[in-house]
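Below are the chains, spelled out letter by letter.
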Amino acid sequence: MSTLAFASLAHAGAPGGGPTEVVLDGARAAALAAAIPVFRDKQPEADLTKFRVHVHPADQGTFQVVFEPQQADEGAPTLGGRTVHGRELNVWINAADNSLDRIAFAR
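What you see is a predicted model; the values in this text were computed from it and never measured.

1. A word on the overall build of the chain
Consideration 1: Looking only at helices and strands, the chain has two helices and six strands in total.
Consideration 2: Across the chain, helices and strands are ordered from the amino to the carboxyl terminus as α-α-β-β-β-β-β-β.
Consideration 3: Sorting the 107 residues of the chain into buried and exposed places 30% on the buried side.
Consideration 4: Summed over its atoms, the accessible surface of the chain is roughly 6200 Å², and 53% of this surface lies on carbon and sulfur atoms.

2. Section: the sheet that holds strand E2 (residues 62–69)
Consideration 1: One open sheet accounts for four strands, arranged E1-E2-E5-E6; its pairing is antiparallel. Both edges of this open sheet fall to strand E1 (51–59) and strand E6 (100–105), since each of them pairs with a single strand only. Shown here is a sheet whose adjacent strand axes are inclined to one another by a mean of 15°, direction ignored.
Consideration 2: Summarising the sheet, E1 and E2 pair through seven bridges and their orientation is antiparallel. Across the sheet, residue His-54 finds its bridge partner in E2, namely Val-66.
Consideration 3: Across the sheet, helix H2 (residues 26–42) touches E1, E2, strand E5 (89–94) and E6, and the angle it forms with E2 is around 50°.

3. Here we look at H2
Consideration 1: Taking 1.5 Å per residue, 17 residues should reach 24 Å; H2 reaches 25 Å between its end C-alpha atoms and fits that length.
Consideration 2: The distance from a side-chain oxygen at the start of H2 to the backbone nitrogen of Ala-27 is 3.2 Å, and the residue carrying that oxygen is Asp-25.

4. Some words on the environment of Ile-93
Consideration 1: Relative to the elements of secondary structure, Ile-93 occurs in strand E5.
Consideration 2: Residues Ile-93 and Ala-33, spaced 60 residues apart in sequence, show a C-alpha to C-alpha distance of 9.9 Å.
Consideration 3: Once residues lying within four places of it in the same chain are set aside, the contact partners of Ile-93 are Ala-31, Ala-34, Ala-35, Gly-61, Thr-62, Phe-63, Asn-98, Ser-99, Leu-100 and Asp-101.

How each quantity is defined
- Residues numbered from 1 in each chain as written.
- Predicted model: local features only at pLDDT ≥ 70, side-chain atom pairs only at ≥ 80, totals over all residues.
- Heavy atoms only, no water.
- Helix = DSSP H or I, 4+ residues; strand = E, 2+ residues; numbered from the N terminus.
- Buried < 20%, exposed > 50% of the residue type's maximum accessible area, 1.4 Å probe, protein only.
- Areas by Shrake-Rupley, 256 points an atom, 1.4 Å probe, with all protein chains shown as cover.
- Pairing = 2+ DSSP bridges.
- Axes fitted to C-alpha atoms, helices over the stretch in contact; angles between N-to-C directions.
- Contact = heavy atoms within 4.5 Å.
- Expected span 1.5 Å × (residues − 1).
- Polar contact = N/O pair within 3.5 Å; in protein donor to acceptor, adjacent residues only side chain to side chain.

Spelled out as structure tokens, the structure:
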């Protein structure tokens, strides 16, 4: 199962009303840890808690980490573009050494 599928579970809510557990394997957790400083550098004014984060499995030796801003009304976000919370940022992390491969803002 992909991390993207796990990430959507966190927003579904647990039976008690709280968030559910999100499980990442160590490789995806390391890629996410490497991508967060890039997010903070490129969007210093953005509040990470107002973003959904997708960690896509390694493809051609990289993980793609997508920082997706929530909509202004806190409704379901859509991929691409900008909201009042910031811009969508894509960060590719090298799976071999967790170094930055490239970045791109959504258009």
